[in-house]
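The primary structure of each chain is shown beneath.
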Amino acid sequence: MTYDFQFDAVFASWDYLLDGAWLTVRLSFGAMAIGMVVAILCALGKTSGPKPVRWAINAYIEVIRNTPFLVQIFLIFFGLPTVGLRLSPDMAALIAMVVNVGAYATEIIRAGIESIHKGQIEAGLALGLRPLQVFRYIVLKPALRTVYPALTSQFILLMLSSSVVSAISADELTSVANNIQSQTFRSFEIYIVVTGVYLVLALMFSALFAGIYRLAFAYSVDRR
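Okay, so let's go over this structure. (Residues numbered from 1 in each chain as written. Predicted model: local features only at pLDDT ≥ 70, side-chain atom pairs only at ≥ 80, totals over all residues. Heavy atoms only, no water.)

Concerning the side chain of Gln72
Mapped onto the fold, Gln72 is located in helix H4 (residues 69-79). A polar contact is formed between the side chain of Gln72 and the backbone oxygen of Ile64, at a distance of 3.0 Å. Beyond its immediate chain neighbours, meaning those up to four positions away, Gln72 contacts Ile64, Thr67 and Asn100. (Helix = DSSP H or I, 4+ residues; strand = E, 2+ residues; numbered from the N terminus. Polar contact = N/O pair within 3.5 Å; in protein donor to acceptor, adjacent residues only side chain to side chain. Contact = heavy atoms within 4.5 Å.)

Here's the deal with the layout of surface pockets
When its volume is computed, the largest pocket comes out at roughly 230 Å³. Taken together, Leu44, Thr47, Ser48, Ile113, Glu114, Ile116, Ile121, Pro131, Val134, Phe135 and Val139 make up the full set of residues lining the largest pocket. Elements with a minimum of two residues in the lining of the largest pocket: helix H2 (14-48), helix H5 (89-114) and helix H7 (131-161). Per-element tally for the lining of the largest pocket: the top contributor is H7, with four residues. Here the residues of the lining of the largest pocket are counted per class, giving eight nonpolar, two polar and one charged. There is about 180 Å³ of room inside the second largest pocket. If you list the elements that add at least two residues to the lining of the second largest pocket, you get H2, H7 and helix H9 (187-216). Among the residues forming the lining of the second largest pocket, the class breakdown is eleven nonpolar, one polar and no charged. (1 Å grid on protein atoms, 1.4 Å probe; cavity = no way out; pocket = protein on both sides within 12 Å on 5 of 7 lines; lining within 4 Å. Points joined across faces, edges and corners; volume = space filled by probe spheres on them. Nonpolar A, V, L, I, M, F, W, Y, C, P; charged D, E, K, R; others polar.)

Below is the structure:
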């Protein structure tokens, strides 16, 4: 049996695909930035907060890590309207992605914070640094440098997982691909093109994160 490949119908909708890819990028960057803030705050609370705060953070992490991402999206998009909070598909997708990546990144950053020797913290305090300065320069930056590869891998996985938000009609790349497929019936062609687009996005994110590492974390000894 032969198959007649017809990519013309796919490339005729190329602008539509680019719009979907752009939304995927915007959702991913937004979730990464906000999720990073959530993760740092939760990691700080988990490592040095009072017991009630640690319990609340642990509960948040366990719930998110042990439930499907799709169910979390449905809970936010379909569940919140029952209490009077209606969100657009894009906003619901962003919130779900932030909540999800925040839990995973919290554990990654916590591991980095706990890798910092207490003697370094005591030395910073002995030098007269304020607690915030100690956390920023002695704890947080070296901790992020240690876990940076794991953190960026989690962020790239988040970008790829954003395809799940097509289930609530957020017009990101996969949702656009599904719409084109339903109109053209060229399943193989559309999904092979979309696979290539996701691959390019992942490689672009990897290159961007590598550049950020060189700018923010590479010390002079690393440039010899």
